[in-house]
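Fold and geometry: a report
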Amino acid sequence: RWSARLNGLNNLRVVEAIAGSQHRDDVPMKLYDGLMGSAHVTEQHDADCVRVTEVPTHELMPGATCVFVDAEGHEPQIWKGLKPILDRGIRWIVLEWAADRYADAPGFLAELRAYGAVTVITHDGGERQVSDESLLRHGDWEMVVIRPRETAADRHITF
């Protein structure tokens, strides 16, 4: 709420929950001293955790056309929560890729590839194709773009 107000976003709806794959209460989220705004979902209930509610991603953004995800290892759960709306006109999804944080990075990457084209954002703001081997070997962070495959129904043919 504070950030929205500071940035003049008066019509913004603030939801105090984490996006994910299901409805869950009392989900532990680990906070980091000195890193304001940085946290990650965990299964450990440490003293430096807060309890949050998880809501399926598609319920938080039912009309989304573009999605940006930076969730410190929670990306696969957010992806799972997006599935009910993936074929409703989402143009692209940008997500932080960190293979070493995912329980099943090859399986997650296979799901992304099955949905559409996967590219990596380069340092100059462009995009480049990348192999599965490179993404799976690269343990630190990359920003990837996923665009749905075009179907015949998506094409507009004029005569």
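Here the structure is a predicted model, which means the values were calculated and not measured. (Residues numbered from 1 in each chain as written. Predicted model: local features only at pLDDT ≥ 70, side-chain atom pairs only at ≥ 80, totals over all residues. Heavy atoms only, no water.)

Structural notes on helix α3 (residues 75–82)
Three or more residues of α3 are buried, namely E75, I78, W79, G81 and L82. Considered in projection along α3, the buried side chains sweep an arc of 160° and stay on one side of the axis. Packed against the buried residues of α3 are β1 (18–20), α2 (57–60), β5 (66–69), β6 (92–97), α4 (105–115) and β9 (142–148). (Buried < 20%, exposed > 50% of the residue type's maximum accessible area, 1.4 Å probe, protein only. Helix = DSSP H or I, 4+ residues; strand = E, 2+ residues; numbered from the N terminus. Arc of directions from axis to C-beta. Contact = heavy atoms within 4.5 Å.)

Description of the side chain of H74
Position of H74 relative to the elements: it lies in the loop between β5 and α3. A relative accessible area of 7% means that H74 is categorised as buried. With sequence-adjacent residues up to four places away left out, H74 is seen in contact with I18, A19, G20, V41 and E54.

Remarks on α4
For α4, the full list of buried residues reads A105, F108, L109, L112, R113 and Y115. Viewed along the axis of α4, the buried residues span an arc of 160°, placing them on a single side of the element. Taken together, the buried residues of α4 touch α3, β6, β7 (116–121), α5 (132–137) and β9. The N-capping residue of α4, defined by a side-chain oxygen 3.0 Å from the backbone nitrogen of G107, is D104. (Polar contact = N/O pair within 3.5 Å; in protein donor to acceptor, adjacent residues only side chain to side chain.)

Re the nonpolar core
With 30 residues, the main nonpolar core has I93, L95, W97 and I146 as its most contacted residues. Counting only elements with at least two residues in this core, the list comes to β5, α3, β6, α4, β7 and β9. Residue contributions to this core peak at five residues, all from α4. M29, A39, V41 and V52 belong to the second-largest nonpolar core, a separate cluster that totals six residues. (Core = buried A, V, L, I, M, F, W, Y, C linked by side-chain atoms within 4.5 Å.)

Fair warning: the whole summary comes from geometry, so function is off the table for now.
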